[in-house]
Structures are given as structure tokens and as C-alpha cells.
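The lines below spell out each chain.
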Amino acid sequence: MNRFCGSPSHHLTRRAFLGNATGAMIGGTAGLKMLGTPLFAEQLKREQKQCILIFLAGGASQLETWDPKPGTSTGGPFQTIPTSIPGYHVCELLPKMAERLSQHTAVVRSLDTTNTDHDAGARVLLRGNRPDDSVTDYPTLGSVLAHELEQRDARVPNHVALYTAYVGLTLNRVPDAAGFLGSRYDPINILSRLSPDGLQPPKSISDFEHRQRSELRSLLAQQFVRGRQRDGTLASYNDAYQRVRGIMASDQLFDISKEPQNVRDRYGPTLFGQQALVGRRLIEAGVPFVRLNRGWWDSHGENFETHLELVPELDHVMAVLMDDLQERGLLENTLVVTFSEMGRTPAINAMRGRDHWGAAWSATLSGLGVKPGAVYGATNDNGTEVIDGKVDVAKFYATIFQALGIDHQKEFKASDGRPVVLTDYGTEPIREILA
Amino acid sequence: MAADPNTIKEVKTLKLPGDVLSVTHVPGTNRIFVGGTDANVYAIDTSQENPEPTAWQGHKSYISSLAYVSGDSLVSCGWDKQLIWWDIASGKPVRTIQAHKKWVRKIAVTPDGRTIASVGDDMVCRIWNTQTGELLRELRGHEPLTPHHFLSKLYTCVISLDGQHLATADRVGHIVVWEIATGAKVAELDAPLFYHWDFDRNNHSAGGIRSLAFSADGKLLAAGGIENTDVAIIAGKALVQVFDWKSGERTHEFKQGSFVFENLAFHHQDDWLLGAAGGSGNDRKLLFYNLQSNSMFKELIAPTPIYGMALSETSETIYGGGREKVVQWDLKV
């Protein structure tokens, strides 16, 4: 789907930005100065829907976040606090989000995804519950959304994934890949830092030489592809090469030193906070999909100590990100989804840890397409099972797609030509939380 | 009668509704008080063949520490940020104080029963008059944030047998020794091996000094915890470091197993040092160290991970609180 509306103003704005950004690579930062200007934000607001996935790799505990069970045998030591949604309480570790829930956010407390393994859980949660596993190159959520939300003339990356820790990349052994959609929608992975490696050409090659080589490669590639137009892979590679210079020009998007000090302070000093600021800059520049991969939440031992450290950081970063997106007029066109590959057991083990649990856990959706303050589903008294509004992965995905204005029953063609539907036929989104 | 770890035997196990995180013993008696995850204090007379614990209600979250004061007075603290004074005779709370802004982790009483110290995740140690509940002093000597910008935790405190000194220890392995009478800092030690920050693997911290013990002569200070751990916080080596705290010299270090030393106690005449640990599988142990020979000389696999522990004043009896039970061991020769 091409979301380019075709209007002259769109064209001018995008080109103006990209032209300046390319220029910035050579000698200035004029394009970046457009970030944050009301005109630019307004333009994006009209034209583009975007998504940030905050993936809590390793499995965050629903009991220490969105579905606390204080005073029960499974409840753990934390108490609850009221939220801006009447009657709804969250764990005391989330005071900032508690204040903001009614403004931006819907909570789903009734995910039942059955999976209790990092790999399998991530495979299911990052690709959707694929009914036909024989399509082995089915793209992950980020690639699907990058494909659906991209603007064809954009030279910013389509899909960027920032990881705080490598276990989120290596233990969740799910290739975050575009599969049959083509490498144009593959992620740029950024691990334990704020920017990707190798955006700049080697020092031994001048910019002029790089341009010349690029033009020659493009000419030869066009001749080679001619007559092979049905080969999507070739076209995809060519696309990727053509985008190289645009993406190279976007290197300053990753440079948070370009932000005022008070903005950097606001996001905080942790890597996750800084990566969230990079994420906001990418969204502001028009990147359709950004994944903030905050790991590693796997707390088989000392669950409460781990969550005492990580949940306040999550609370802070989510709250600041929401505020910043809203203040820039971006939140109404950006969906922020937060989930893990699974939840954690209500039962507390001998090491005061919680193990893997897929039968009853929570996620949030904020911003674009979401009914603010909606709380969907319920679990029983000790949190072991869903008693109202069970949500499987397909239903959850359908809700994400609908919030972004994407037909969740849309069909793609897999590499072998078979039709593949975004969510299984007959799947219904959670309409109660959609705006 | 001597207390010989080589004769240790389990003499009693008592089931309880929740996990037991803290145990305190009334000197000269068979009475203990325990508390834990079900937020109740239990009074137990271990001289009975089948003790029936009496539950006292007052806390709103886990009870993290208990201290017998004197006479009929007991104090408890919890993750509900409260200190509660109990009348032992009636089992009723007589004073409840919102003592800290965050979890209260540990309390310790001076041998004369007049003063109690509490530490919490607000990184403050508070000194209280046990008779009146009056706050006497606040001691601030621990950084509120870890070097990696996360909230630190002030896990534990202990008071020397002469009642002169108090030691406090935190998440990053910083130890402060205070003079109780004046509140003056008299020593600071750093034991960084207790703090583990894994930037690449899980991007959060683990560890912290979880237990402290002064030797009977007051010269040594032992710190316990975990050295390192994996990404799921389940497989680190238990760590004990012993310091001559006045000189700052580290005199001993022991590492083994895969667990956290949450409890340490010196023999009442410094014959040995006892560590009790919680862990999975067989990594739930009582370990006895001879500091003279610099070796561990006795190891016992416990029927439960040990979260809370009390050693009697004669060192002849150990009470260990763990997974829904309390276990009593005797070391009498």
C-alpha cells in the first residue's frame, strides 16, 4: 500500500526534508532543523501513520505492571495505585503512566497466547499467529507495517529496531526479517547503542566517488534486471541499493546530541531512554516503524528486584515518549504498542522469581486509533487465567492493524504465489478499544 | 555445652502458609517470631511437640525483617514501608510508623534493646528509640542511584554486639560503618564484586550485599550476597567477603554454589561463620566457615531455600525460614 497522498504540498515537504537531509550529510544540518517545526509535524500528521513497538524482551510480568493482584498468594510484594481511569489500579511502580492512561492508552489484560518459550513466543508475537507455518518467510510485524505504511519516495529507513541488550536479539531467535516482502522492509538493527554502524562510506572513498559508483551500479543493475522483472528479489536488492544514499543521509537522525539538553535530560540517561529519543526522532522524520527492544526481563530469579529496577524505567520512558509525541502533534498519527513474547507465572518460585506464562497476560496500545482509557478483558483473582475477553495473537494483531487503518484481512502473495492473509480469516479486532 | 556444626541435625520442621523471609529468636527461650510473604507475624513456641503458630495481622505486604527488642516488645518491618511495634503478650500492634518512603529491608536492635535501626530503599538508615518510637537520627551515606542510573537499594544493616557500631550495605557493594551514639561515619568499605551490571546481555543490574554480620569481638565484618549471575538471575556464585573494617583490609573471600547468601552469623565466640542461602535444587544450604583455616568445613543441604535465619545466643540452635516452612537445627554436642 502506498500511503503517499500525491498532494503537491506533501511532495514538496518530503522532498524538501530529504533534500536538506542529503545536504546535511555533505556539509550541514539544515534538514534536521526541520524536525520539530510545527509545519513539518503538521504535514506528517496529515499524511502518515506510524508505529512504535516497545518490545519487552524476555517477558515482563503482568502482575508487576498492568494486572496486579495484591493481597493474593500470587500477588507479590507490590501495592497498587489508582489510575486516571476510574476504578482501574496498576502496580505502584507505574505512577507516571497511571496518570496518563485515560489520555492515550488502552490496556488489554486478557492475552492468552499459550506460548511459554522465548523463541516460540517471539515467533508468534512478532509474526502473528501464522495458521500456515509452511510459509517460512512470513515477515515480522515491523516489516509488514513498514511495507504498509511506507512512503515510496521516502529515503529514510522503513524499519529500524533498537536493542538495549543482545539477548533480545539472540535468545529471541526469530529473524526480524521482511521475508517475501523483500529486503526493502528488513530492519536496520542497532544493538546496545544509538546508531547503526557503517552509515558513512569508507574514508578511502570520497562522496563524489561513492556517487559515481552508485550510478554505475544502478545502470548495470537496471540492464541486468531488464527481462527479469518477475524476480522480486532482484527488484528488492535494487531498491535497497537505491535507498542507500538516502539512508546514509539519515545518519544524523540517530544523533541525539542534536537535541536540546533539556529534551535529552527528559528521556533520561539510560540506554532505553536514549533509544526512545532516537525512536521519536525517527518517527518525526517519517520512519514508518520503529522497534524499541528493551530487554532482558526474564526474571526466573528475583523477579521483584528485577521489576523494581526495570518497571520504573519503563514507566518513565513510556510517559515521556507519549508526552513528547503528543506535544509534537505526532501521537495522533502514531500507534505505540507495548508487549512481550509472553507474561510471567502468577506462581512465585523458590528463588522469588516468576517463570514463563502465556495463559493470561497484558499489553498496551496508545495513540493512533485507540480509545483512550479503555481497559479490556479480565483475569481471575490470582491471575492464572482469563475470565473475560480472551485475546489470542490473531485478534491482537487485527487490533493493531485496524488502529493503523490497515485491513487486517488483506491478502499478500507469498514467494510461491500462495495467498497469505494478514490475520486468519474471520479474525475480529478488539473493537472495544478502537477509536 | 559446645556448638559443633559437625553434629548438626534437623529437629523440627513447621509448615506455614507463606514463604518465611525473617526469623528472630527470644534469647533464653524456645520462642521465635517469623514473618514473610503472607504479611502475618507468627509467634511460635518451638518447645511444643507440634507448635501451633499464632498469626498477628498488621502489615500490608511482605514482612522483610523482625527483631526482638526486650520484655514484651517485638518490632517488624516490611515492604509496605512500615515499622510495627508488637505487644508479645497480646499479639497486638502497639505502634505503627510509616518509617521509610520505600521498602524497609532490614532492622537491627542494640543489645540493650533501647535503639533500633532500619534501612530502606529510600537509601536512608533511621535510628529509633524503641520505647517511644521517636526518630532519633537519619544516616545518609549511600548513593540513591547506581552508577548506571537506576535506583539503588539499601538492603541490610547489623549492630555490633557491644552496641557501639552499626553497619549498612547497599546494591552496589558500598558498606558504611557508623557510630550509633553520634551518627558519625567511622568507616567506609567498597565490595564491588557484589554488584553486577550486564550492559550487553540484559542491560540491568543484579546482586547487592544482602547480609552483614559483625564478629563477636567486633573486629570483623562479613558481607554476603551473590557474585555474578546469568541473564535470568538464577545462576550466580554465592559470595562472602570478610573485612577488618577498621583497616579496610579484606581478610577472607569465599565463593561457591549457585545462590544468594541472605543470612550470615558469627558463632558467639567467633569459632566459625555461618552462611545460609536460598537457591534452587540442591543450592539451598547452610555453610560453615573456619576463618582461621580460611576454609569451608561443613555443608548441609537444607530442605528449603533459607530466606531468613536466627542463631541462638549460644550458637546451639539455628532457625531457618524458607519456602512455606521453618526448620530448626540443633548443633549441641
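Up top is the structure these notes are about.
Residues numbered from 1 in each chain as written. Chains lettered and ligands numbered in written order. Predicted model: local features only at pLDDT ≥ 70, side-chain atom pairs only at ≥ 80, totals over all residues. Heavy atoms only, no water.

## Details of the overall build of chain B
Helix and strand counts for chain B stand at 0 helices and 30 strands. Relative to its length of 333 residues, chain B is compact, with a C-alpha radius of gyration of 18 Å against a globular reference of 20 Å. Dimensions of chain B, computed from the C-alpha atoms along their principal axes, are close to 50 × 45 × 40 Å. With 333 residues in all, chain B has 62% of them scored as buried. In chain B, of all internal contacts separated by at least 6 residues, the share reaching a separation of at least 24 is 47%. Put simply, chain B shows about 12400 Å² of open surface, and 45% of that area lies on carbon and sulfur atoms. For chain B, the separation between the mean place of its 32 positive charges and that of its 38 negative charges on side chains is 4 Å. (Helix = DSSP H or I, 4+ residues; strand = E, 2+ residues; numbered from the N terminus. Rg over C-alpha atoms; globule rule 2.2 N^0.38 Å. Buried < 20%, exposed > 50% of the residue type's maximum accessible area, 1.4 Å probe, protein only. Contact = heavy atoms within 4.5 Å. Areas by Shrake-Rupley, 256 points an atom, 1.4 Å probe, with all protein chains shown as cover. Lys, Arg positive; Asp, Glu negative; His and termini not counted. Charge placed at Lys NZ, Arg CZ, Asp CG, Glu CD.)

## With respect to the layout of surface pockets
The calculated volume of the second largest pocket comes to roughly 690 Å³. Looking at the second largest pocket, it is lined by 29 residues, and the ones nearest its centre are Leu308(A), Pro312(A), Glu313(A), Lys102(B) and Leu151(B). Secondary-structure elements contributing two or more residues to the lining of the second largest pocket are strand S2 (80–82), helix H4 (95–104) and helix H12 (303–327) of chain A. At 7 residues, the largest contribution of residues to the lining of the second largest pocket is made by H12(A). Residue composition of the lining of the second largest pocket, by class: 13 nonpolar, 7 polar and 9 charged. (1 Å grid on protein atoms, 1.4 Å probe; cavity = no way out; pocket = protein on both sides within 12 Å on 5 of 7 lines; lining within 4 Å. Points joined across faces, edges and corners; volume = space filled by probe spheres on them. Nonpolar A, V, L, I, M, F, W, Y, C, P; charged D, E, K, R; others polar.)

## Describing the sheet that holds strand S25 (residues 273–278) of chain B
Residue and element names in this part refer to chain B. In spatial order, the strands read S24-S25-S26-S27; together these 4 strands make up an open sheet with antiparallel pairing. Edge strands, defined here as strands with exactly one partner in the open sheet, are strand S24 (260–266) and strand S27 (295–301). Put simply, the sheet's adjacent strands are angled 20 degrees from each other on average, direction ignored. Here strand S26 (residues 285–290) runs beside S27; their pairing, made up of 6 bridges, is antiparallel. Bridge pairing in S27 places asparagine 290 opposite serine 295. (Pairing = 2+ DSSP bridges. Axes fitted to C-alpha atoms, helices over the stretch in contact; angles between N-to-C directions.)

## A look at the interface of chain B and chain A
In this complex, chain B contributes 36 residues to the contact, which on the side of chain A involves 34 residues. Overall, the association of chain B and chain A removes approximately 3000 Å² of surface from exposure, summing both partners, and the carbon and sulfur fraction of that is 54%. On the chain B side of the interface with chain A, the three residues burying the most area are Tyr62(B), Trp103(B) and Phe150(B), jointly 18% of the side's total. Linking chain B with chain A are 6 salt bridges, by the criterion used here. Linking Arg105(B) and Glu305(A) is a salt bridge whose minimum nitrogen-to-oxygen distance equals 2.6 Å. Here chain B and chain A share 14 residue pairs in polar contact (both at pLDDT 80 or more) between them. For the side of chain B that touches chain A, the elements supplying multiple residues, two or more each, are strand S19 (204–207) and S24 of chain B. Grouping the constituent residues of the side of chain B that touches chain A by class yields 15 nonpolar, 9 polar and 12 charged. (Buried area = accessible area lost by both parts, 1.4 Å probe. Salt bridge = Lys/Arg side-chain N within 4 Å of Asp/Glu carboxyl O. Polar contact = N/O pair within 3.5 Å; in protein donor to acceptor, adjacent residues only side chain to side chain.)

## Considering helix H11 (residues 271–285) of chain A
Residue and element names in this part refer to chain A. Taking 1.5 Å per residue as the helical rise, H11 with its 15 residues ought to reach 21 Å, and the 21 Å between its terminal C-alpha atoms agrees with that figure. Counting buried residues along H11, 14 of its 15 residues qualify, which places the element largely inside the surrounding structure. A positive backbone phi angle near 105 degrees is found at glycine 286, which sits one or two residues after H11. (Expected span 1.5 Å × (residues − 1).)

## A closer look at the side chain of His174(B)
Relative to the helices and strands, His174(B) is located in strand S16 (residues 174–179). A distance of 2.8 Å separates the side chain of His174(B) from the side chain of Glu188(B), its partner in a polar contact.

## Re the nonpolar core
All names here are of chain A. Grouped together as the largest cluster of nonpolar side chains are 61 residues, with contacts concentrated most on Ile52, Ile54, Trp66, Leu282 and Leu292. It is H12 that provides the largest number of residues to this core, a total of 12 residues. Those residues in contact with tryptophan 66 that lie beyond four places of it in its chain are Tyr88, Val90, Leu94, Met97, Leu101, Val107, Arg109, Met318, Ser362 and Thr364. Leu53, Phe289, Leu368 and Phe401 belong to the second largest nonpolar core, which has 50 residues in total. (Core = buried A, V, L, I, M, F, W, Y, C linked by side-chain atoms within 4.5 Å.)

## Examining the pattern of salt bridges
Residues and elements named next belong to chain A. Across all of its chains, the model carries 38 salt bridges over all chains by this definition. Where arginine 328 meets glutamate 284, a salt bridge forms, and the shortest distance between an N and an O atom there is 3.1 Å. Here glutamate 284 lies in helix H11 and arginine 328 lies in the loop between H12 and strand S8 (334–339), a separation of 44 residues in the sequence. Given a relative accessible area of 21%, arginine 328 falls into the partly exposed group. A relative accessible area of 1% places glutamate 284 in the buried class. The structure contains a network of salt bridges with shared partners spanning Glu259, Arg280, Arg281, Glu284, Asp324 and Arg328.

## Remarks on H12(A)
Residue and element names in this part refer to chain A. Taking 1.5 Å as the rise per residue, H12 with 25 residues should run 36 Å; its terminal C-alpha atoms sit 35 Å apart, in good agreement. At glutamate 309, H12 shows its largest bend, some 25 degrees, and a proline, proline 312, comes one to four positions later. Across the 25 residues of H12, 21 count as buried, placing the element largely inside the fold. Downstream of H12 by a residue or two, glycine 329 has a phi angle that is positive, lying close to 70 degrees. (Bend = angle between axes of the 7 residues up to and from the residue.)

## Details of the sheet that holds strand S29 (residues 317–322) of chain B
All names here are of chain B. Spatial ordering of the open sheet is given by S1-S30-S29-S28, a layout of 4 strands whose pairing is antiparallel. With one partner strand each, in any of the chains shown, strand S1 (9–15) and strand S28 (308–311) form the two edges of the open sheet. The average angle at which neighbouring strand axes cross in this sheet is 15 degrees, direction not considered. Relative to strand S30 (residues 325–330), S1 runs antiparallel, the two sharing 6 bridges. From the neighbouring strand, lysine 15 faces S30, where its bridge partner is lysine 325.

## Things to note about empty space enclosed by the protein
Picture a little ball the size of a water molecule; that probe, rolled over the atoms, points out where space is still empty. Tallied over the full model, the rule gives 5 cavities of 30 Å³ or more. Each pocket or cavity is described by its volume, and for the largest cavity that value is around 160 Å³. Taken together, 18 residues line the largest cavity, and the ones lying closest to its centre are Glu302(A), Met351(A), Ile233(B), Val260(B) and Gly278(B). Of the residues that constitute the lining of the largest cavity, the class distribution is 9 nonpolar, 6 polar and 3 charged. If you add up the space inside the second largest cavity, you get close to 110 Å³. Lining of the second largest cavity is provided by 15 residues; of these, Leu56(A), Ala60(A), Trp66(A), Ser340(A) and Ser362(A) occupy positions nearest its centre. When residues of the lining of the second largest cavity are traced back to their parent elements, those giving at least two are S8 and strand S11 (361–367) of chain A. Sorting elements by how many residues they give to the lining of the second largest cavity places S11(A) first, with 4 residues.

## Quick word on the packing of helix H6 (residues 141–149) of chain A against helix H13 (residues 393–403) of chain A
All names here are of chain A. In the contact formed by H6 and H13, the axes pass within 12 Å of each other and the chain directions differ by 25 degrees. One way to sum up the angle between H6 and H13 is to call them roughly parallel. In this structure, the crossing between H6 and H13 has a hand that is right-handed. Contacts between H6 and H13 involve Leu141, Val144 and Leu145 from the first element and Tyr397, Ile400 and Phe401 from the second. Split by residue class, the contact of H6 with H13 holds 6 nonpolar, no polar and no charged. (Parallel < 35°, antiparallel > 145°, perpendicular 65-115°, else oblique. Left-handed = near helix turned anticlockwise from the far one by under 90°.)

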